[in-house]
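Now for the letters of each chain:
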Amino acid sequence: MHQKTLRQELDAQGTDADLTRLIEDIAVACARIADRVRHGAFAGTLGAAGTENVQGETQKELDVISDEIFAGIVSSGVAALVSEEVDTVNWLKDKPQAGDFIVYYDPLDGSSNLDVNLSVGTIFSIVRLDEAIARDDAAVRIAGTRQIAAGYAIYGPSTGLVLTVGQGVQGFTHHPGSGAFLLTAPDMRIPEETQEFAINASRYDKWEPPVRTYIDDCLRGANGPRDKTFNMRWCASMVADVHRILTRGGVFLYPRDAGNAAQGGKLRLMYEANPMGLLVEAAGGAASTGRGRILEVSPEGHHQRVPVILGSKAEVAVIEEYHSS
Ligand code: AHM
Ligand code: MG
């Protein structure tokens, strides 16, 4: 079977040459990160780096390595890089112009799963400037509706790259022999209805009433108000959970709760919620804070956190109803 390469698919979608070059650079960086993850046990890099990032989280050595790889490779047409692992914006251009890109990324999401050999990934979001901006960190606070492309690489049994450049969602698999990313999951679509949810249920006593009532009702199954049974999954790796949802549907919730309310939630808007939100919407799903569309959240800081509820459209709408009643 002949599968299109990443380049052939981007060309077929009429992607601009500079965006194609940027996405190809990101794919090279992700393949390099995948290789370092695969060799982590030999290199002794699966554990803690002994440092904390700006969010006060313990960094794994591979968090730091992955950030260096990404920042070292992804620069073509880029005015600034915004990383989960770096406090300040990494400005690559002195005078950012219209047409330049801002790339937001989480170099190694789900890295707490590294030592147990579960899937982790790299998430990225791309915005193109429509005018020149000052080299000021506040200037990268751009709403998710302005993203022109987003995606993630998943480092699991195989290395995948899932991408939207505005026309649907395409899934590629890294071919170990040739090193190419080949289109193996064209036009990924999220079924509108689902009977599967993903949430860290150990936070039950911290949840706000709408989330607790929603999950209680799901767990009551066919005898409860939802009239159907639900399955539950939680990978503690957003890339893995979203990949499952893009493949077979479901909803993912990381709500604001009593334990994370002071920070606004757990997951970060600009390099986790926005790119996943764009992908999920492009695949026919929905992405919400529970009280509004994630992509329309007006960023107040580039490490801002938000509640995240995304996946099958009808189920996200049900969860929004729980929040409004
Ligand atoms: P990270 O970017 O530090 O890896 O944190 C984000 C991850 C997500 O991948 C995942 O959904 C979530 O944190 C898991 O959190 P928890 O350990 O509370 O279940
Ligand atoms: Mg992350």
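Residues numbered from 1 in each chain as written. Chains lettered and ligands numbered in written order. Predicted model: local features only at pLDDT ≥ 70, side-chain atom pairs only at ≥ 80, totals over all residues. Heavy atoms only, no water.

### Things to note about the overall build of the chain
Quick note on the threshold: Runs of H or I in DSSP of at least four residues are treated as helices and runs of E of at least two as strands, each being numbered from the N terminus. Any residue under 20% of the maximum accessible area for its type is buried, any over 50% is exposed, and the rest in between are partly exposed; the area is computed with a 1.4 Å probe on protein chains only. Residue contacts are counted whenever heavy atoms from the two residues lie within 4.5 Å of one another. Methods summary: accessible areas were calculated by the Shrake-Rupley approach with a probe of 1.4 Å, and residue burial reflects only the protein chains presented.
The secondary structure content of the chain amounts to 8 helices and 17 strands. Counting only C-alpha atoms and orienting by the principal axes, one finds that the chain spans roughly 55 × 50 × 40 Å. Relative to its 325 residues, the chain shows a buried fraction of 55%. Counting contacts in the chain only where the partners sit at least 6 residues apart, residues at least 24 apart contribute 64% of the total. Carbon and sulfur atoms form 48% of the exposed surface of the chain, whose accessible area is close to 13400 Å².

### Examining the sheet that holds strand S10 (residues 181-185)
Keep this limit in mind: Only strands that DSSP links by at least two bridges are regarded as paired with each other. Here, axes are lines fitted to C-alpha atoms. For helices the fit covers the stretch in contact, and angles between N-to-C directions go from 0 to 180 degrees.
Taking strand neighbours across the sheet as the criterion, the 8 strands line up as S4-S3-S5-S6-S7-S8-S9-S10 in an open arrangement whose pairing is mixed. With one partner strand each, in any of the chains shown, strand S4 (90-91) and S10 form the two edges of the open sheet. Alignment of strand S3 (residues 78-83) against S4, held across 2 bridges, turns out to be antiparallel. The partner of Ala80 across the bridge, within S4, is Trp91. Seen against the sheet, helix H4 (residues 61-73) touches S3, S4, strand S5 (101-109) and strand S6 (120-128) and runs at an angle of roughly 155 degrees to S5. Sitting on the sheet, helix H6 (residues 238-248) touches S5, S6, strand S7 (147-155) and strand S8 (159-164), and the angle it makes with S7 is about 105 degrees.

### As for the state of the cysteines
Basically, it comes down to this: The disulfide criterion is simple: two cysteine sulfur atoms within 2.5 Å.
Tallied over the full model, the rule gives 0 disulfides. Of the cysteine sulfurs around Cys30, a residue in no disulfide, the closest is that of Cys235, at 19 Å. Distance from the sulfur of Cys235, which forms no disulfide, to the nearest cysteine sulfur (Cys218) is 18 Å. Exposure remark for Cys235: the relative accessible area of 26% places this residue in the partly exposed category.

### Some details on helix H7 (residues 269-282)
Summarising burial for H7: 12 of the 14 residues are buried, a large majority. Where H7 terminates, the next one or two residues include Gly284, which has phi positive at roughly 95 degrees.

### Topic: the packing of aromatic side chains
Applied cut-off: Paired rings are identified among Phe, Tyr and Trp, the last through its six-membered ring, by centres lying within 6.5 Å, and are further divided according to the angle between planes into stacked (under 30 degrees), edge-to-face (over 60) and tilted (the rest).
What the rule picks out here adds up to 6 aromatic pairs. Centre to centre, the rings of Tyr214 and Tyr322 are 5.5 Å apart; their planes meet at 75 degrees, and the pair counts as edge-to-face. In this pair, Tyr214 sits in helix H5 (residues 209-219) while Tyr322 sits in helix H8 (residues 313-324), placing the two residues 108 residues apart along the sequence. No difference in accessibility class separates Tyr214 from Tyr322, as the two residues are buried.

### A closer look at the side chain of Thr289
Let me state the cut-off plainly: Here a polar contact is taken to be a pair of N or O atoms separated by no more than 3.5 Å, where protein atoms must pair a possible hydrogen donor with a possible acceptor and residues adjacent in sequence count only if both atoms sit in side chains.
In this fold, Thr289 is placed in the loop between strand S15 (286-288) and strand S16 (305-306). A relative accessible area of 13% means that Thr289 is categorised as buried. For Thr289, the side chain forms a polar contact with the main-chain nitrogen of Arg291, separated by 3.1 Å. When near neighbours in sequence (up to four residues on either side) are disregarded, Thr289 contacts Ile294, Val297, Pro307 and Ile309.

### Some points on the pattern of salt bridges
Spelled out, the test is: One side-chain nitrogen of Lys or Arg within 4 Å of one carboxyl oxygen of Asp or Glu is enough to make a salt bridge.
Scanning the model with the defined rule gives 22 salt bridges in all. The partner of Arg128 in a salt bridge is Asp18, with the nearest N and O atoms 2.9 Å apart. One end of the pair, Arg128, is in strand S6; the other, Asp18, is in helix H2 (residues 17-38), with 110 residues separating them in the sequence. Given the relative accessible area of 27%, Asp18 is considered partly exposed. Among the salt bridges present, the one from Asp130 reaches Arg146, with a minimum N-O distance of 3.6 Å. Here the residue Asp130 occupies a position in the loop between S6 and S7, and Arg146 occupies one in the loop between S6 and S7, the gap between them amounting to 16 residues. Taken together, the shared-partner salt bridges in this structure form one network comprising Glu196, Asp241, Arg244 and Arg248.

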